[in-house]
Amino acid sequence: HALSSSETLRILVAAMDVPDASKAADRDAASEILGKIGKPAVETLTACLKSPNRFLREGAVSALGATQDERGVAALLALAGESGVQADNAMMTRIYAALGASKNRKALDVLTQGLAKDQEQGRRSAAASALGELGDVRAVDSLIAALDASKTALDTTIQEALQKLTDFTPEGDGFDWKAWWAQN
């Protein structure tokens, strides 16, 4: 007999709710499937954000971004604003990635703020990458402003995001994105 949609959601959430580190691949697969289910999974995934199980919350964050649903984006934006979450580097990195995957322009402000003001380089890099995924050219100025001539991993991520947003790949090192953007 075929599973009902509610049974399917329950089974997939249960797969993400296993706190065993060796089950990471199963959790990731369940999260990916829930993201592909899309809108029908959003309410269930949003409820998972309140779970005490970190693995379940992380899977729900990733899946909500993949659903590209307005309600999921709203839940992610609210979660990003919670002070306890803001202190959690891994969770904020995951939220930034999910917001980028959402392709929702409402995420632009949170991501540009994360890029500009976050103190942790990994989180800034995740915000830069997410801005590239978001596909909103309004992010270009913020990305250019965050560039540093020190050729860090963050700069590489920023340049990749700029290339995605502008559909332009510069040749050579030391390219002046600011001058190029002003002319284009």
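Quick notes on the rules
- Residues numbered from 1 in each chain as written.
- Predicted model: local features only at pLDDT ≥ 70, side-chain atom pairs only at ≥ 80, totals over all residues.
- Heavy atoms only, no water.
- Phe/Tyr/Trp six-rings, centres within 6.5 Å; stacked < 30°, edge-to-face > 60°.
- Helix = DSSP H or I, 4+ residues; strand = E, 2+ residues; numbered from the N terminus.
- Buried < 20%, exposed > 50% of the residue type's maximum accessible area, 1.4 Å probe, protein only.
- Lys NZ or Arg CZ within 6 Å of the ring centre and 35° of its normal.
- Contact = heavy atoms within 4.5 Å.
- Salt bridge = Lys/Arg side-chain N within 4 Å of Asp/Glu carboxyl O.

### Notes on the packing of aromatic side chains
Aromatic ring pairs are described here by two measures, namely the spacing of the ring centres and the angle between the planes.
Step number 1: Scanning the model with the defined rule gives six aromatic pairs in all.
Step number 2: Ring centres 5.6 Å apart and planes at 80 degrees place the aromatic pair W177 and W180 in the edge-to-face group. Remark: W180 and W177 occur in helix α12 (residues 177–183); sequence separation between them is three residues, near one turn of the helix.
Step number 3: Exposure remark for W180: the relative accessible area of 17% places this residue in the buried category.
Step number 4: Following the ring pairs from residue to residue traces out a cluster consisting of F168, F175, W177, W180 and W181.
Step number 5: The ring of F55 carries the charged tip of R27 above its face, separated from the ring centre by 3.8 Å.

### A word on the side chain of S125
Step number 1: Position of S125 among the secondary structure elements: in helix α9 (residues 121–134).
Step number 2: Ignoring sequence-local partners within four residues, the contact set of S125 consists of L154 and T157.

### Regarding the pattern of salt bridges
Step number 1: Within this structure, the stated rule accounts for twelve salt bridges.
Step number 2: Residue R105 pairs with D136 through a salt bridge whose shortest N-O separation is 3.7 Å. Placement of the pair is R105 in the loop between α7 (89–102) and α8 (108–117) and D136 in the loop between α9 and α10 (140–146), with a sequence separation of 31 residues.
Step number 3: For R138, the salt bridge goes to D136, with nearest N and O atoms at 2.6 Å.
Step number 4: On the basis of relative accessible area, R138 is assigned to the exposed category, the value being 52%.
Step number 5: Classification of D136 as buried rests on a relative accessible area of 1%.
Step number 6: Taken together, the shared-partner salt bridges connect R54, E58, D88 and R94 into one network.

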